[in-house]
Every structure is written in structure tokens, then in C-alpha cells.
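Here are the chains, one letter per residue:
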Amino acid sequence: MQRRLTATILVCALAMCISAAVSEERIGRLKYGGGGDWYANPTSLPNLLRFAREHTNLRIPEQEETVKAGSRELHAFAYVHATGHGRIAFNAAERANLREYLLGGGFLHVDDNYGLDEYFREEVARLFPDKELIELPFSHPIYHCLFEFPNGLPKVHEHHGGPPHGYGIVHEGRVVLFYSFNTDLGNGWEDQEVHGNPEEIRQQALRMGTNLLVYALSR
Amino acid sequence: MSVVESHLPLAVAAAVIAGAALYLCWLRTRAIPMVRRLALLALRTLLFATIIFAILNPRFDRPRELQEPPLVAVAVDVSRSMTDLPPDGESRYSTAFAAVDSGDLATVMGEARVESYLISDGAESVDDVPPEPEGGSHADLRRSLSEILRRPCPQEPVACVLISDGADGSHRPPARVAQALRGYGVPVYCIGVGSPEPVPDISIPGLVAPRTVTEGEQFELRALVDAAGLEDEVVELSVTEGERQVATRRLEAGHRERPARFQLTAGTPGYQRYTVTAPPHQSEVTAANNRRSVLVRIEPAEARLLLIEGRPRREYAFLRRLLLRIEDLETKILLRKADPAEFWFDHEAPRRADIDEAGDPGRYRAVILSNIEAEALGGGLASRLSDYVFEGGALAMLGGPSSFGGGGWADSPVATALPVRMSAADGLLADAVAVQVTEAGELPTALRDSGVQAWHRLPLLEGMNRIAGVASDAQVAVKGTAGGQSDLPVVITGRHGAGRTLAVTVDDTWRWRQSPPADEHSRAAWEAFWTAAVGWLIAPREEREVILEVGRDTWESGGAVRADVHVIDEEMEPIEGANVTLTVVGPEGEREIEADRTPDAGIYGATWRAGEPGTVRLTASARRGSEDLGQDTRTIEIIESVEELTRPAQPEVLRAIAEETGGAYLPLERAAELRELLPLEPERHERTIVLRPARTTGFFLLVVLIAGADWLLRRRWSVG
């Protein structure tokens, strides 16, 4: 009798875990080639996911998963994040897969962690030769879909001087690739002791990151 | 006087015994003087004589003639046409009461024994006619007079006096009412109250409008206006759409019902109530019938759809893109971004919104509830949704942890509308789901026509909502196999009233669009599935094959309601030989009425009497053999009858009753003449008075006195 009860409880618990997992969206960190540190800012995404769970009703996991640009598994992810300080490069197969993913409904956020910009712009030109990486106006929904950013991206770190910029590749009215430049959102998402950012700056960065998640899952 | 009883043998025996006793007495008194002896003998003789008289107890009958006033039954009509006050404050009943209480009728009735009754649709015996009775409903003269005349009583009335306006509400011809009363053999004398002239009253007996018009379309609203008793007046009519006045018109009343036409422009989409109103006239008896309204469904020029989504997720994002791509469809989206109810408008520039900003569901051709709990919508919207579908809207519920039973929908008003059965214990089935399109049904046909084949080869879905079952009249359009179970309902279509309902028990069809195994085939399948499903939901109502027409949406209690049901096929050709049933659900419960064929092809009619005031929902269902041809529904309002208030006096009814029963008719002003007409002669009765002197107290005292004297003298004269 006790054995049967234990088994029943285990089955129910398993079913509940599976049920929760079924409805969760998958969040990925893009593993790319070219030598750049794709693994930078390790605490950033877990912090962002925790913040988003606390402030929205998104069904998202506590940890991101790593996904390769050329993997078919990429198509299972609702939001993919890429960051780094150096070179980023895709081969033809990866490019095709990434392009199919993005045009088919996926979302890629690339965050320049300093030193990524030059390589990324070259790669985007290869990825979308028919599209232009445009700076999004401050009125764009990505700045207003949950938290209000009337002046666009918040400034986290000073890289190149001047204000931060938010660029996008737009397909059928939807931003499929968002590029945050000259701010370093990922650093803002990291644990406070990593970069010593003021809490207000961190909060702004986390809010903007949450906007990106909400946008990716609603547009 | 005569002695009617004789007891001769007993008398002889008593006389013999008395004689013997007297002889003994004579012998025992020899010792006293002769005078005393004779006196005692006389006393004793007298005593015996009275005792013998008492024993014999003879009866003496004395005939006598008695007179008493005749019995007359007086029935006073207390139906609403008699008791309700007209504007001048003097009701017909008040006039009648004054005559009965202290006027001419009181004088006449003073010469009779009166039994009083109050009558409306029955008779009630009262000691006195009250000055302010509780008003009845309508008058049923045949029924109420029959109750009086047939009731058993020791003495039959010589006549019945009926005080009424003759406004018989039973709708029977006067002759039939009168003939039925003749059989009781009691003459009915009718005193007429009230004028047969039309009661001043403005009414709008008819209002016709197209049932469905398109936003911005011109359409005609036709009202019938009757101004009885106010023929020379000008009636100022106004039309309102909801609360907003949209047209006015002056109409010369005339002697008959007159039509008034209004050219209107269809306003805001949704169900709009158009009301035609005539202001109350100072002399009219009631203003309750001065307005009439009709409900018109205004279709958006461009179809509108409302999507309420419980959380940002990929299933929503993909569906949103498809909806916004559909031409001629305006999609309004309320997306909840934080629990419990932080909604945002998401169809244009995102902004926070209240759920109430969704507005009246009637504004939309379809409403989609996607992964949202019942309580997040609030009771108002949830309960309106059920009515919205019943009236012809379309509702879909898409899968997710917050949908169906798991979202608390099992006990909500929406549960009756959806094509599935739910329970609070329903959860999620966490197994890979393969789907297959079923054979029969409108939606499966559309999916097959899309050219997509091999649905079972689509990328597997990861779980689905459990449901308790499929509603009895629903169809499973797509079924699934998961966890060793087959034929699991995945897409279910149904009808609720005149509306359409759709249930989708999965929440990750996006995997057909974008997932590791997704390909061109699965993307085409996703596109075909949602295009067909949304297309089915927003299909215009004009495709219906059963159309219920009731003409107007307000009817008077007690009046006849007429409904026509048009049954047509897809080519708009009438269908003959259908079985059409009308289900009427109102304050008195539910009843079913079979509609009859009419001379017009494809039109079936049903008539019934409107019951208690309140809202009544009508559903027409048509079948041919085992084929369900569809159903349509309308809601009408039953209002208090004002017929009795506006009913002129009908002296012809009273005349017919009087004539048929051998009585007479008199207007109230001539009620004094009733004295000459009523058979008021006193009734004479021969009565016999029976006397028995031996049983009287005086006789008893006489016996005691004689016996006492006898005893006293014997003591005094010392006789033993």
C-alpha cells in the first residue's frame, strides 16, 4: 500500500514537472565561431530570467541553454542571446540556419560587449544581404512594450563615447535581430559585484532586457 | 287549527285508570264534610285530566302565510379595465361603486336580499362591495358568472345584476359568452359602465427593422403608430440608437394605424437597440405602450476580432502575426503581461489597458480566449460572452495551462457555450501529440481543401489540455494520439444558439511553423489550419440556413406571439419538409412548440400566448430526417399587458348577455329603472305552525299547581 502511494506521488510529481516544462519557452545563448568569447557575462542571463519572472508572467526557465548557430535545435528557442568581445563569424550552413530561424519567427539579441561591433556588422551583411541594420526610433514598441524607455536604450558602460544605439533587422514589420551597441546591457545584467554597476543602472538594464524577452514572445 | 294526532286507545286506558283512582279517592274521603269531599274530588279529577293530557301530548297545526324579499346576486367587475385609473382620476369601478354604495342601485338593492361578488377572471364572494378592491387581470364574464350561477345554495337567485364595462378579455365573441349563461335559467341584468368611445391612447403596435446591417449602411426603420381617441393630434416621434437620438418625425395621427418610416445609418458595430418613442399625451390612459424597440446587429464594415491572450508566448506571437496579415479583418488584442490582470493593447502601439476596454463582445465577429483564466476576465465579460455567442457571435478557446477546466472555466457561464465538457480537475496531458484531420465537418473539409495532406506527419506537439468530453452536438475536426490514447479531441467545433464555438486543446502548434523538425509541409499545414479556423470563426452570419424572425422584440403579456422560421439551403433556396421546433425559455420555464408549414415555401410559423413579463429566449431548430439543418435564436421581452387599460367599454357584450338570459341592459345613468325591471315582489311562503300545549312550561306549572293544592288541602283536612 505504502509502495503504491509512493509510486503515485512520484508519477504525479513527474507529471507536474513535465507539465511545467511543456509550457516553458526556451531561452538560448548562441555559441558562434570566429574566436569571440560567446560565453562572456555568465551571470547575466540567469539574472535577467529571474528578473523577468518576477516582473512578468512569462513562462521562462531559470537558466539559459547553449545553442549552436548551425544546430536545428536553434529553432526550438524563443529568444537567443549573443555577446562577446571579439570576432564573431558564421559559416554558410550556420548562416542559412540562423537566417531560416530568424525569418521563420525567431529572435536574436546581439549585445556588443566591446570589440564585437566591427565583426558583427560584417556578419550581418552576409546574413541579410537584402536587409539593412537600421537604428530603431525611440518610439519603437521594443522600448515601450513593458517598461518605458522614452530615450531608447539605457546607458550601462561607456565604450565608444556618445549615447547607446539600438539597431534592428526588420522582417515583415517585426524586429528579428536586435543589436545593442555602446551600452553593454549584458554587463548590466551581471551580478552587482562583477562590474560594480550602480543598482539603478542594473535595474534599467534588466528592464530593457525584459522588454526584449516580452517583445520576442509577443511579436 | 286541527288536532292532527289521535291516541284513542291510550286515552281510554288513561280514563279507566283515572276513574278507578277517583272512585278510591271518593271512598277514602267519607269522613269529611261533603263540601270538602267534593272539592278534593274535583281537584283530583282536574289533576288526572292534565296528566292524561300530558301523556297523550296532542299536536295542533295552524297554517300561516309568510313573505320575504327576493335573493339577487350582484356581480361587480374588478378587472383592470374597470379599476385602473385613467388620467382624470375616476375609474369605471369608482363610478360603479358610488352607484352600488349610495346611488340608485343602492336604493333598488335595498328591496332585495343581496349576495355580492367581485369578478374578473373568476368570482369571489364578498360581504360588501369594497370601495378599493384589489384589481384582477382581465375579465372573463362567462367563467365568472358561471361560477356564481352554478354554485349550490339553499335558495336560487331570482336575478343576477352585473355591473361591468363589458370589456371581456377572454376574446370570445359576445354571442358565445351570452349563450353559455342562458343554461342557468337566471336572468342577468347588466348595468353598463364606461364609454364605448376609444380610450385616448398613443401606441406603437409594430416596429420593423432589418436584423443585420453593415456599419455605415443606410436602412429603413418602419413603425406603426396608433393614436386612438386622439385622431386630430400630431404625434412627435423620436428614434434613439441606445441612448443617442438619431431621428425625429411629426405624424398626423388620423383614424387608423399609420406607418412612420425612418431612414437611418447603421452606427457602432454590435447589437444596437433602436427605440421609437412618442411622448405621453396629457389625456392618454397609459404611456407604457408609447415606445417600442427592436434589436439590430450591426456588422463591422470590416470584420473585427478580439483576441484575449493570457501571457506572451510563441503560440500567441505566431497567431498574432497571422491575424494581422488577414485582409479585411481588424484584430484587437488584449495581452496580459503580468499576473493577475495587467493587460496591454498589443495590436498597435502597446499600452496598458483595462479588460473592460475590450468593450461589448457584440462589436466583434469573433472572440478568442487564449490561455486566460476565467476570473481574469471578470464576471461581466464572461457572462456577456455566453449571450454573445447565443445571439450569433463566435467564440474560440485555445489551449494552455490557463484554459478550459484548469483555467476555472468549468463553472463559468461560458462553459455552456463551448463545444467541450470541462471539470475543475482537468489538467494537462504531458505526452507527444500527433494529430489527424477527421472525415466529416465544415472545418475538416476546409482543411482538406487547403491541399495539405499527411497531418499525422507534422512535428509532434508537446502535450495538450485534458477535457472531460465533447459536447453532445459538437464535432471533432482534428483528433490526436498521445500517451497510448487515440481519438483525443484536439480541435472541436460546435454551435451555441445562433453562434459558433471552437476549442483547440493544444498550445504549441507553432512547432509546425518553427521547430527543429519543421519544414515547408508543416509550415503550410500551420498556415492552412489557422487560416481555416479563423475563417470559420469570422464567417458572416448570413451563411446561416435557419433564420428566426419575430418581427419585434417587445410583446405584451397575454398577447399572441408569432414567429416565422425561414429554412434555406446554401444556395438560399427554401427547404420544404423540415421539422422545425421552437424552444421558448422564459420566466415560466421551458417549452417546445412545433412550427407549422406556411403557404410560403421554406417558411414555418408558430404562434403562442406570451406568458409572464420577463426576458424570453427563443431558439428555432430545424431538422430534415436525421440531418441537422441548423438553429437560430432571438431574445424578446414580455412586458405587462396594457390592453386592459386601453379597452373601451363593450355594451354589446352586456346587451347580448341580457338578451340571451332574459334580463335587461341599462347604462349606469339609467340604473334607477332597474327597479321596474327586476322581479322584486316579495316571495310568499305557506308555513304551518305546530303547537303542542302539553310540552309548554305553563302547562307544567299548571300541573304542579293543581298537585300542590291537592296535597295542601289533604294535609289541612287530615285526609290520608
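Conventions and cut-offs
Residues numbered from 1 in each chain as written. Chains lettered and ligands numbered in written order. Predicted model: local features only at pLDDT ≥ 70, side-chain atom pairs only at ≥ 80, totals over all residues. Heavy atoms only, no water. Helix = DSSP H or I, 4+ residues; strand = E, 2+ residues; numbered from the N terminus. Rg over C-alpha atoms; globule rule 2.2 N^0.38 Å. Contact = heavy atoms within 4.5 Å. Buried area = accessible area lost by both parts, 1.4 Å probe. Salt bridge = Lys/Arg side-chain N within 4 Å of Asp/Glu carboxyl O. Nonpolar A, V, L, I, M, F, W, Y, C, P; charged D, E, K, R; others polar. Pairing = 2+ DSSP bridges. Axes fitted to C-alpha atoms, helices over the stretch in contact; angles between N-to-C directions. Disulfide = S-S within 2.5 Å. Buried < 20%, exposed > 50% of the residue type's maximum accessible area, 1.4 Å probe, protein only. Patch = residues over 30% accessible without salt bridge, like charges linked within 9 Å, V, L, I, M, F, W, Y side chains within 5 Å. Areas by Shrake-Rupley, 256 points an atom, 1.4 Å probe, with all protein chains shown as cover. Lys, Arg positive; Asp, Glu negative; His and termini not counted. Charge placed at Lys NZ, Arg CZ, Asp CG, Glu CD. Domains from an automatic or database assignment. pLDDT = per-residue confidence, 0-100. Polar contact = N/O pair within 3.5 Å; in protein donor to acceptor, adjacent residues only side chain to side chain. Parallel < 35°, antiparallel > 145°, perpendicular 65-115°, else oblique. Expected span 1.5 Å × (residues − 1).

Draft legend 1. Highlighting the overall build of chain B. Helices and strands together make up the secondary structure of chain B, namely 15 helices and 38 strands. Here chain B has a C-alpha radius of gyration of 45 Å; the compact-globule value for 720 residues is 27 Å, and the former is much larger. When the backbone C-alpha atoms are referred to their principal axes, chain B occupies close to 160 × 70 × 50 Å. Counted over contacts in chain B with a minimum sequence separation of 6, partners at least 24 positions apart contribute 73%.

Draft legend 2. A look at the interface of chain B and chain A. Listed as interface residues are 35 residues of chain B and, on the opposing side, 30 residues of chain A. When the buried area of chain B at its contact with chain A is split by residue, B:Arg314, B:Gln514 and B:Pro516 rank highest and sum to 23% of it. The interface formed by chain B and chain A contains 3 salt bridges. Among the salt bridges present, the one from A:Arg219 reaches B:Asp346, with a minimum N-O distance of 3.3 Å. If you list the elements that add at least two residues to the side of chain B that touches chain A, you get helix 8 (314-325), strand 17 (329-338), strand 18 (342-345), strand 23 (428-437), strand 24 (461-465) and helix 11 (510-513) of chain B. When the residues that make up the side of chain B that touches chain A are grouped by side-chain class, the tally is 14 nonpolar, 4 polar and 17 charged.

Draft legend 3. The arrangement of the sheet that holds strand 15 (residues 291-299) of chain B in detail. Residues and elements named next belong to chain B. Here we have 5 strands laid out as an open sheet, ordered 9-15-14-11-12, and mixed in their pairing. This sheet does not close on itself; its edge strands, each paired only once, are strand 9 (212-214) and strand 12 (244-252). If you compare each strand with its neighbour and ignore which way they point, the axes differ by 30 degrees on average.

Draft legend 4. Inspection of the sheet that holds strand 37 (residues 665-667) of chain B at higher detail. Residues and elements named next belong to chain B. Taking strand neighbours across the sheet as the criterion, the 6 strands line up as 5-4-3-6-7-37 in an open arrangement whose pairing is mixed. Every interior strand has two partners, whereas the edge strands, strand 5 (123-126) and strand 37, have only one. Strand-to-strand twist across the sheet, computed as the mean angle between neighbouring axes with direction ignored, equals 25 degrees. Pairing analysis gives 5 bridges linking strand 3 (residues 71-77) to strand 6 (residues 159-164), with the strands arranged parallel. Considered in strand 6, the bridge of Val76 is made with Ile163.

Draft legend 5. Focus on the state of the cysteines. Residues and elements named next belong to chain B. Under the criterion given, the structure shown has 0 disulfides over all chains. Considering cysteine sulfurs only, Cys160 is the nearest to Cys190, which forms no disulfide, with 7.9 Å between them. On the basis of relative accessible area, Cys190 is assigned to the buried category, the value being 1%.

Draft legend 6. Spatial organisation of a negative patch on the surface. Residues and elements named next belong to chain B. Residues Glu590, Glu592, Glu594 and Asp596 make up a contiguous surface patch of negative charge. Summarising the element assignment, Glu592 is placed in strand 33 (residues 589-597). Given a relative accessible area of 56%, Glu592 falls into the exposed group.

Draft legend 7. Spatial organisation of the domain arrangement of chain B. Residues and elements named next belong to chain B. Splitting chain B by domain gives domain 1 (2-64 + 688-716), domain 2 (70-195 + 648-681), domain 3 (201-296), domain 4 (303-542) and domain 5 (546-639). Tallying the contact residues gives 7 residues for domain 4 and 7 residues for domain 5. Across the interface of domain 4 and domain 5, roughly 610 Å² is buried in total on both sides, 45% from carbon and sulfur atoms. Considering only the side of domain 4, the residues that lose the most area to domain 5 are Phe390, Glu391 and Gly497, jointly responsible for 63% of the buried surface there. Here Asp387 makes a salt bridge to Arg617, at a shortest N to O gap of 2.7 Å.

Draft legend 8. View of the confidence of the model for chain A. Summing up the model confidence of chain A, the mean pLDDT is 90 and the portion of residues at 70 or higher is 89%. Low confidence marks residues 1-22 of chain A, where pLDDT is under 50. Its contacts with residues over four positions away, or in another chain, come to 7 contacts.

Draft legend 9. A look at the side chain of B:Ser386. Residues and elements named next belong to chain B. In this fold, Ser386 is placed in helix 9 (residues 374-390). Its relative accessible area of 9% is what places Ser386 among the buried residues. A distance of 3.4 Å separates a polar side-chain atom of Ser386 from the backbone oxygen of Pro413. Among all residues touching Ser386, those that are not within four sequence positions of it are Pro413, Thr416, Ala417 and His496.

Draft legend 10. Structural context of the packing of helix 6 (residues 141-149) of chain B against helix 7 (residues 174-182) of chain B. Residue and element names in this part refer to chain B. Interaxial distance between helix 6 and helix 7 falls to 9 Å at its minimum, and their mutual angle equals 10 degrees. Of the possible angle classes, the one that applies to helix 6 and helix 7 is roughly parallel. Where helix 6 abuts helix 7, its residues Leu141, Arg142, Leu145 and Ser146 lie against Arg176, Val177, Ala180 and Leu181. Across the contact of helix 6 with helix 7, the residue classes break down as 5 nonpolar, 1 polar and 2 charged.

Draft legend 11. Highlighting helix 12 (residues 520-538) of chain B. Along its 19 residues, helix 12 of chain B runs 27 Å from first to last C-alpha, staying within 8% of the 27 Å computed at 1.5 Å per residue. Capping the start of helix 12 of chain B, B:Asp519 holds a side-chain oxygen 3.2 Å from the backbone nitrogen of B:His521, two or three residues further along.

Draft legend 12. Up close: unusual backbone geometry. Cis geometry marks the peptide bond from B:Asp339 to B:Pro340; its omega dihedral reads 0 degrees. By secondary structure assignment, the location of B:Pro340 is in the loop between strand 17 and strand 18. Although it is not a glycine, A:Tyr114 sits at a positive phi angle of roughly 95 degrees. If you trace the backbone, A:Tyr114 turns up in the loop between strand 4 (108-112) and helix 4 (117-127). What makes A:Tyr114 partly exposed here is its relative accessible area of 42%. Of note in this structure, B:Asn371 is not a glycine but carries a positive phi near 55 degrees. Assignment of secondary structure puts B:Asn371 in the loop between strand 20 (366-370) and helix 9.

Draft legend 13. Local environment of a nonpolar patch on the surface. Residues and elements named next belong to chain B. A cluster of nonpolar side chains, Leu8, Val12 and Val16, forms an exposed patch at the surface whose accessible area comes to about 290 Å². In this fold, Val16 is placed in helix 1 (residues 8-28). Judged by its relative accessible area of 56%, Val16 is exposed.

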